[in-house]
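# Fold and geometry: a report
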Amino acid sequence: LQYSETIRSASGNDLLQIRACDVVRVRRALIIEIQEYALPARSPSDSVAPTQSAEKIGLTARALGYLLDDLATYFERDRPFLRPDLNLQDVANATGYSRNQISFALNQGLQTTFYAFIHRARIDYLMRHYQTLPAQGMAQVCKAGGFRSMSTFYAAFRAVTGRRPKDYFNGQLK
């Protein structure tokens, strides 16, 4: 059985596309074994091969998809990224996945790091909610987004949007 599966976040954004196949062994009309083989679908120009075996950390293609979906739902529902001290272990404890599984899913599934994922979530949140933030300036916006320092905020904002925060929020803040 061959199939392709697209994992979407709760907001409908595509997170990951997986190409997979299931090998089903049948004996006397009974299924005796199912093996699942899958890889993230990559563009032809993407020649990076996974460096860690998904099976070693207990992730099938479906499990990887569920993990990414659970992670997106957790971030949208609980907004843990607004805590400046958030780390990988906190997310693992809250979601029930191991640190290695989350790291693997982000690295291989989304081609990003944990902290880049956190920074993107913070910037997306600020861009969607800046009108309702009780902010009076960039320092307050930085703090409201869960950033510890202005330099990290500015670097993350530029990495995500390609723009400076001042250019984006121009005229929006007092």
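Everything here concerns the structure above.
All values reported here derive from a predicted model rather than from experimental measurement.

### Observations concerning the overall build of the chain
Counting its regular elements, the chain contains 7 helices and 3 strands. Going from the N terminus to the C terminus, the chain shows its helices and strands as β-β-β-α-α-α-α-α-α-α. When the 174 residues of the chain are sorted by exposure, 36% land in the buried category. Within the structure as shown, the chain displays about 10,600 Å² of accessible surface, and the carbon and sulfur contribution to it stands at 49%.

### Considering the environment of Q131
Looking at where Q131 falls in the secondary structure, it is placed in the loop between α4 (114–129) and α5 (138–144). It is 9.7 Å that separates the C-alpha atoms of Q131 and F169, two residues lying 38 residues apart in sequence.

### Quick look at the packing of α4 against helix α6 (residues 150–161)
Running from N to C, α4 and α6 cross one another at 85°; their axes reach a closest spacing of 9 Å. Classed by the angle they form, the pair α4 and α6 counts as roughly perpendicular. Of α6, the residues touching α4 (which contributes H119, R120, I123, D124, L126 and M127) are T152, F153, A156, F157, V160 and T161. The residue inventory of the contact of α4 with α6, partitioned by class, reads 7 nonpolar, 3 polar and 2 charged.

### Things to note about the nonpolar core
One finds F75, V91, I102, L126, F153 and F169 to be the most contacted residues of the largest nonpolar core, which totals 35 residues. Elements with a contribution of two residues or more to this core: α1 (61–78), α2 (88–95), α3 (99–109), α4, α5 and α6. At 7 residues, the largest contribution of residues to this core is made by α4. Not counting the four nearest positions on each side in its chain, I102 is found in contact with L67, L71, L88, V91, A92, T95 and Y97.

### Some details on the packing of aromatic side chains
On inspection of all chains with the given rule, the structure shows 10 aromatic pairs. Measuring from centroid to centroid gives 5.9 Å for F75 and F81, while their planes differ by 25°, and the two rings are stacked. Exposure remark for F81: the relative accessible area of 4% places this residue in the buried category. Each residue in the set Y130, F147, F153, Y154, F157 and Y168 is aromatic and connected to the rest through ring pairs, giving one cluster.

### Considerations on a nonpolar patch on the surface
Residues V24, V26, I31 and I34 make up a contiguous nonpolar surface patch of roughly 370 Å² in combined accessible area. Going through the elements one at a time, β2 (14–27) and β3 (30–40) are the ones with two or more residues in the nonpolar patch. You can call V24 partly exposed: its relative accessible area is 34%.

### Some thoughts on the side chain of H119
With respect to the helices, strands and loops of the structure, H119 is situated in helix α4. In this view, H119 contacts F147, T152 and A156; residues no more than four positions away in its chain are not counted.

### Comments concerning the side chain of R122
For R122, the position within the fold is in helix α4. No salt bridge is formed by the buried R122, whose closest oppositely charged neighbour, D85, lies at an N-O distance of 7.0 Å. Ignoring sequence-local partners within four residues, the contact set of R122 consists of F81, R83, P84, L86, G145, G146 and F147.

Conventions used here
- Residues numbered from 1 in each chain as written.
- Predicted model: local features only at pLDDT ≥ 70, side-chain atom pairs only at ≥ 80, totals over all residues.
- Heavy atoms only, no water.
- Helix = DSSP H or I, 4+ residues; strand = E, 2+ residues; numbered from the N terminus.
- Buried < 20%, exposed > 50% of the residue type's maximum accessible area, 1.4 Å probe, protein only.
- Areas by Shrake-Rupley, 256 points an atom, 1.4 Å probe, with all protein chains shown as cover.
- Axes fitted to C-alpha atoms, helices over the stretch in contact; angles between N-to-C directions.
- Parallel < 35°, antiparallel > 145°, perpendicular 65-115°, else oblique.
- Contact = heavy atoms within 4.5 Å.
- Nonpolar A, V, L, I, M, F, W, Y, C, P; charged D, E, K, R; others polar.
- Core = buried A, V, L, I, M, F, W, Y, C linked by side-chain atoms within 4.5 Å.
- Phe/Tyr/Trp six-rings, centres within 6.5 Å; stacked < 30°, edge-to-face > 60°.
- Patch = residues over 30% accessible without salt bridge, like charges linked within 9 Å, V, L, I, M, F, W, Y side chains within 5 Å.
- Salt bridge = Lys/Arg side-chain N within 4 Å of Asp/Glu carboxyl O.
- Lys, Arg positive; Asp, Glu negative; His and termini not counted.

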